[in-house]
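# Observations on the three-dimensional arrangement
Chain by chain, the residues:
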Amino acid sequence: MTWLETIAFVLGIANVTLVVRRSLWNYPVALVMVSLYGLLFWRERLYSDAALQVFFFVINLYGWVVWRRSLAREGEVAVGTLTPVAQGIWLVGIAVASLLWGGAMARWTDAAMPYWDAVNAVASVAAQILLARRRLENWLLWIAVDLSSIALYAVKGLTLTAILYVIFLGLSVWGYREWRVRA
C-alpha cells in the first residue's frame, strides 16, 4: 500500500458516491483519481488497466459535457435504458474486444495477467461509455467489473485497491437501485 494507492482509493469512493447521486462534481474528482490510478497500474504492470485510465480521463471529460447538457435541458441528469438488442450487441462487443485486447497484451507485452486484465478493462470502457450516456445498464457492467477486479487486485497484492472495489461493488448496487427508479 502506497500514498498513491491511498489517495486514489479515497477519491474513488468520493467519485462513485457522487455518480450515484448524479452530481456533476463526480467529474473533477474522477479526473484526479484516474490520473493517480494510471500511474499505479503502470507501475504494477497492469498495462490494460493503465491504458484504461487514459481512456477514463477522456471519457470523463465527454461525460461532464453530456451530463451538463442534460442538466441544463431537463433540470436533472436524466437516465435511460438500452433495448434488449442493444444489450446483446454491447455484450458481444465486450467479448470480442476482450479476446483481441488480451491476445495483444499477451503477445506484445509482459503483462502480468493479460486476459483477465483485458476483460476488466474492456467491460470498464463499455460501462463508462454507458455511464456517460446515462444508461441504467452501466451499473450492471460495473457490478461485474467490481467482482472480477476484487479478485484480480487481491491476487496482485493491491489490497487497498481490492477493498476499494468491494466498496465500489456496494456503491454500484446502490447506483443501480437509485437509477432504476429514474429510468
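Conventions used here
Residues numbered from 1 in each chain as written. Predicted model: local features only at pLDDT ≥ 70, side-chain atom pairs only at ≥ 80, totals over all residues. Heavy atoms only, no water. Helix = DSSP H or I, 4+ residues; strand = E, 2+ residues; numbered from the N terminus. Expected span 1.5 Å × (residues − 1). Contact = heavy atoms within 4.5 Å. Buried < 20%, exposed > 50% of the residue type's maximum accessible area, 1.4 Å probe, protein only. Phe/Tyr/Trp six-rings, centres within 6.5 Å; stacked < 30°, edge-to-face > 60°. Salt bridge = Lys/Arg side-chain N within 4 Å of Asp/Glu carboxyl O.

## Concerning helix 6 (residues 138–155)
End to end, helix 6 covers 26 Å across 18 residues, agreeing with the expected 26 Å (1.5 Å per residue, within 8%). Among the structural elements, helix 1 (3–20), helix 2 (26–43), helix 3 (47–74), helix 4 (84–108), helix 5 (114–132) and helix 7 (159–182) are those in contact with the buried residues of helix 6. Positive backbone phi, at 80°, marks Gly-157, one or two positions downstream of helix 6.

## Let's talk about helix 4
With 25 residues, helix 4 extends 36 Å from end C-alpha to end C-alpha; this agrees with the ideal 36 Å at 1.5 Å per step. Residues of helix 4 that are buried: Ile-94, Ser-98, Gly-102, Ala-104 and Met-105. Those residues of helix 4 that are buried are in contact with helix 3, helix 5 and helix 6.

## Quick look at the side chain of Asn-15
Tracing the sequence through the fold places Asn-15 in helix 1. Excluding residues within four positions of it along the chain, Asn-15 makes contact with Asn-26, Val-29, Ala-30 and Met-33.

## Focus on unusual backbone geometry
Backbone geometry places Arg-22, a non-glycine residue, at a positive phi of 55°. Checked against the element boundaries, Arg-22 lands in the loop between helix 1 and helix 2. Arg-22 sits in the buried class, given a relative accessible area of 15%. Notably, Arg-45 is not glycine yet its phi reads approximately 60°, a positive angle. Within the fold, Arg-45 resides in the loop between helix 2 and helix 3. Note on Arg-45: relative accessible area 34%, which makes it partly exposed.

## Considerations on the packing of aromatic side chains
With the rule as written, the count across this model stands at 11 aromatic pairs. On the basis of an interplanar angle of 75° and a centroid distance of 5.0 Å, the ring pair of Tyr-165 and Phe-168 is categorised as edge-to-face. In this pair, Tyr-165 and Phe-168 are both assigned in helix 7, three residues apart and thus about one turn of the helix distant. Residue Tyr-165 shares its accessibility class with Phe-168, and that shared class is buried. Site record: aromatic cluster; members linked through ring pairs are Tyr-27, Trp-64, Trp-67, Trp-139 and Trp-179.

## Some details on the pattern of salt bridges
By the definition in use, this model includes four salt bridges. The salt bridge partner of Arg-73 is Glu-74, with a shortest N-O separation of 3.4 Å.

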